[in-house]
Amino acid sequence: IMAIASSTWHRVLKMKSVYFLILCVIILIASAYNYNILSLDCHRALMIDVSMLLNTIAAIIIALSISFEIPKELREGVASTLLSKPLGRTQYLIGKMVGVIVSGLVITGLITLGFVFVFNTAFKDLTEAMVQAHLLIMGSVIPMCAIATLISVIIPENLSPLITAICLWFSFSISKLSNIKIIYGGILPDLNLFNIRAEACYSASIDWLYVGLVVLWGIVFSVFATSVSSLVFGYKDLK
């Protein structure tokens, strides 16, 4: 598992373009400071919003990479080669997912550190709630990668990224969709639990117990989704 995971995160984290994009994200976050007039002196809240939004987008893109990588390896026979060794299908899926999760935690963590530095330099009033909000975004990488893994073993390669993106969008909109029983039947997880944007902007801190329970819930859901993925993958014909 760790061999597959390490090869996955090393391949992602060795790409120079990743760090260039992280730098661009931090520059965009810092640019919110110049919108004090256009935002009617709400540039402090704007910087927090921009940081959380871009960090969430980064987490989603990382999760989406699974829906490209696993189907590609299945199509090209790479997965079959790996599975011809003393390696089970469950270990293969877990290894790929752990590798992408580590990549996502590193990337969102670097964006979080960049936000902390920029915000503290600009306003010098960094609060605990802001850090907690970004930690939750980092934690959201775990269930998102589990969702992407599940879809990648069920849906064909040409549709897997699209379906994954749609499912992630629905998962962030559960609070609105839960009232429409025809559309939502309680299947998707509520990823909006990881979003505490209002608290980050206007509260000094939130209960650490909430942060811990939400991350724990994300891990439990990931175990469930990975178990279903393994069950489906066990019956899948490989080239």
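Use the structure listed above.
Quick caveat: nothing in here was measured; it's all calculated off a predicted structure.

Below, the discussion takes up the packing of aromatic side chains. In the structure shown here, the tally under the stated rule is 8 aromatic pairs. Geometrically, the ring pair formed by Phe 194 and Trp 217 is tilted, given 6.1 Å between the ring centres and 50 degrees between the ring planes. Of this pair, Phe 194 sits in the loop between α8 (174-177) and α9 (197-202) while Trp 217 is found in helix α10 (residues 208-234), placing the two residues 23 residues apart along the sequence. Look at Phe 194 and you get buried, because its relative accessible area is 2%. Arranged with centres 6.0 Å apart and planes meeting at 20 degrees, the rings of Trp 217 and Phe 221 form a pair that is stacked.

Moving on to the packing of helix α6 (residues 128-154) against helix α7 (residues 160-171). Remark: α6 packs on α7, axes separated minimally by 9 Å, with the N-to-C direction vectors making an angle of 140 degrees. In terms of axis orientation, α6 runs oblique to α7. The hand of the α6/α7 crossing is right-handed. Where α6 abuts α7, its residues Met 144, Ile 147, Ala 148, Ile 151 and Ser 152 lie against Ser 160, Ile 163, Thr 164, Cys 167, Leu 168 and Ser 171. In the contact of α6 with α7, the residues fall into 7 nonpolar, 4 polar and no charged.

For the pair helix α1 (residues 2-13) and helix α5 (residues 89-122), the least separation of the axes is 7 Å and the interaxial angle reads 35 degrees. Crossing handedness for the pair α1 and α5: right-handed. Note on element contacts: α5 touches α1 through Tyr 92, Gly 95, Lys 96, Val 98, Gly 99, Val 100, Val 102, Ser 103, Val 106 and Ile 107, opposite Ile 4, Ala 5, Thr 8, Trp 9, Arg 11, Val 12 and Leu 13.

For side chains bearing opposite charge, pairing can occur when the charged atoms are close. This model, assessed by the stated rule, comprises 4 salt bridges. With a closest N to O distance of 2.5 Å, Glu 69 and Lys 96 form a salt bridge. On the criterion of sequence distance, the pair formed by Glu 69 in helix α3 (residues 43-76) and Lys 96 in helix α5 is long-range, its members being 27 residues apart. Of the residues examined, Lys 96 reaches a relative accessible area of 4% and is grouped as buried. What you see here is one network of salt bridges that share partners, running through Arg 11, Glu 69 and Lys 96.

Analysis parameters
- Residues numbered from 1 in each chain as written.
- Predicted model: local features only at pLDDT ≥ 70, side-chain atom pairs only at ≥ 80, totals over all residues.
- Heavy atoms only, no water.
- Phe/Tyr/Trp six-rings, centres within 6.5 Å; stacked < 30°, edge-to-face > 60°.
- Helix = DSSP H or I, 4+ residues; strand = E, 2+ residues; numbered from the N terminus.
- Buried < 20%, exposed > 50% of the residue type's maximum accessible area, 1.4 Å probe, protein only.
- Axes fitted to C-alpha atoms, helices over the stretch in contact; angles between N-to-C directions.
- Parallel < 35°, antiparallel > 145°, perpendicular 65-115°, else oblique.
- Left-handed = near helix turned anticlockwise from the far one by under 90°.
- Contact = heavy atoms within 4.5 Å.
- Nonpolar A, V, L, I, M, F, W, Y, C, P; charged D, E, K, R; others polar.
- Salt bridge = Lys/Arg side-chain N within 4 Å of Asp/Glu carboxyl O.

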